[in-house]
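# Topology and contacts: notes
For reference, the chains in residue letters:
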Amino acid sequence: MHRRLIVPSVLAAASLLLAIPASAAGFTPGAPGIGDPYYPAYGNGGYDVSHYDLKLKYQPSTDRLDGTATILATATQDLSRFDLDFLLDVSEVRVNGAKASFATSGQHELVVTPAKGLAKGSAVTIVVRYSGVPSTKSAYGFSTWHRTPDGAVAADEPESAWWWFPSNDHPLDKATYDVSVSVPDGTQAISNGVLKAQRSQLGRTTYNWRSDKPQATYLTTLAVGKFDITTGTTEAGVPITNAYSKDLGDNAGAARASVERTGEVADWLSGYFGPYPFNALGGYVPNTDTGYALETQTRPFYSPKQFANGANVSVVVHELAHQWYGDDVSLKGWKDIWINEGFASYAEWLWSESQGDGTAQELADYVYASHPADDAFWTVKPGDPGAANQFDDAVYDRGALAIQALRDKVGDTAFFKILKGWPAEHAYGNASVADFEKYAEQVSGKPLAAFFDTWLFTPSKPAAGAARQARIAHPDARPVAPKSWQRIERAHTVHDH
Ligand code: TRP
Ligand code: ZN
């Protein structure tokens, strides 16, 4: 009796499920943010992207961008609708081939409601057709789309994607990319990874770039303009493509004298951090008037201003160090920014040491001594600086000081093992400051909770140990900067928004 009844009731339940609208069957909207306390609306919940395919057409004279984004994702819950982060004007959204309805919400949310609910674990293909003039769009009152006299640049942190492609805009959701850009003949389009194809037709040239390792959205870059391209190979065999705006004026020589050393620097860094993690490398210097650099994956962005006083290899060291610390191993939340900036800054100190321009210890002593105990510098905790202080000097300089203190604490052998082991431990993934603490304890065999608490999580100046007290002869005298200091300071000049 019972057995016979089971079959029809299962069938009835299944057909009911199909008939009931998604929302009524336990399908719920994805969260409008991924859950980062510093930036609650950044990223989204309910799905995970594996690949972005961007087909773009850009007109430098008008700043008009037309695009089709094809996004491959997996639903991570039974989804009735989901958000993307985006600012341009959308004309059509399809989900798994069917037209979806869409609306905007909040500062940068594109809310997509598919015709049918998306079952947890199922593959989802999202196609977004869009257009717009990125320079006319803003969120929270700012824009990070940078126009240049002959094009534009998308390179910013922690947000730059909203102005040019719809995304799950948070480093926790890394994906691979194909970026195809059509521009007028004579103009170049630069992005991450390898240039797979370049074709000219009817007055336009299309550049197809592929970045085939997981990449955070803020590390995905686009530059359109008139560039000179140089190519090369690292000793390890990684192909290098660099791009220099034809409009760098007086800074052109110094820019090349710095960025052309990319291969040498990457090979040198691999001695500390392990093999370079990607299959393409380079740098680009567009004709922007911005004052910062960014570790855009495989191909960092540099501002001409950074080369205003001559070659600046320190900034190249910094951005290339991020390829391991920040890009290969990305942060889990923006509070973990020390993992990026502390280590990229420390790499500059190691470079200084290798060039005979001041040892890491001398630079650490200088940072320590040049900020008296009542300096606001010490109130910022590098391990959790707060969104407002995310890129404060303390994250960079006190951050690197903490790393030198770790070297002192565990000794060179364990220290360099940690430095090299970390990228391998979390290759192509995400990790937090807490994960780093655990890893450093594991490799060194030393309890380090109190140590990290002092150097990363205490809003005051740590006491100088006896060794440092002896080295700093006059704690109140103005300390003498090591030779490399000015260069290092300029390397991380950033803007506020
Ligand atoms: N991460 C960049 C670097 O260290 C610096 C940076 C901070 C930045 N905030 C930014 C770059 C905003 C561009 C935009 O090189
Ligand atoms: Zn940095």
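Above this note sits the structure.
What comes next is a walk through the structure. Quick caveat: nothing in here was measured; it's all calculated off a predicted structure.

This part is about the pattern of salt bridges. Counted according to the given criterion, the structure contains 17 salt bridges. Linking Asp-89 and Lys-137 is a salt bridge whose minimum nitrogen-to-oxygen distance equals 2.9 Å. With Asp-89 in strand E5 (residues 89-95) and Lys-137 in the loop between strand E8 (123-132) and strand E9 (145-148), this residue pair connects regions lying 48 residues apart in the sequence. Between Arg-210 and Asp-178 there is a salt bridge, and its shortest N-O distance comes to 2.8 Å. Placement of Arg-210 in strand E14 (residues 204-215) and of Asp-178 in strand E11 (residues 175-184) is noted, with a sequence separation of 32 residues between them. Overall, the relative accessible area of 35% leaves Arg-210 in the partly exposed class. Here the salt bridges do not stand alone but share partners, grouping Glu-92, Arg-94 and Lys-99 into one network.

What follows concerns the sheet that holds strand E18 (residues 284-285). Taken in spatial order, the 3 strands of this open sheet run E16-E17-E18, and their pairing is mixed. Where the open sheet ends on each side, the last strands, each with one partner, are strand E16 (227-233) and E18. Where E16 meets strand E17 (residues 239-245), 7 bridges bridge the pair, whose relative direction is antiparallel. The residue bridging Asp-228 from the neighbouring strand is Tyr-244, located in E17. Where helix H2 (residues 252-259) meets the sheet, its contacts fall on E16, E17 and E18, and the angle it forms with E17 comes to roughly 165°.

About the thresholds
Each chain has its residues counted from 1, running along the sequence as written. A letter from A marks each chain and a number from 1 marks each ligand, given out in the order of writing. For a predicted model such as this one, the threshold for reporting local features is a pLDDT of at least 70, and the threshold for listing and counting side-chain atom pairs is 80 or more; totals across whole chains, interfaces and linings nevertheless cover every residue. Based on all heavy atoms of the structure, the side-chain values leave hydrogens and waters out of the count. When a carboxyl oxygen of Asp or Glu is within 4 Å of a side-chain nitrogen of Lys or Arg, the pair counts as a salt bridge. To qualify as a helix, a DSSP run of H or I must reach at least 4 residues; to qualify as a strand, a run of E must reach at least 2; elements of each kind are numbered from the N terminus. For each residue, the accessible area found with a 1.4 Å probe, counting protein chains only, is set against the maximum for its type, and the residue is called buried under 20%, exposed over 50%, and partly exposed in between. What makes two strands pair is DSSP finding at least two bridges between them. By definition in these notes, contact holds between two residues if any of their heavy atoms fall within 4.5 Å. Throughout, an axis means a line fitted to C-alpha atoms (over the contacting stretch in the case of helices), and angles, computed between N-to-C directions, take values from 0 to 180 degrees.

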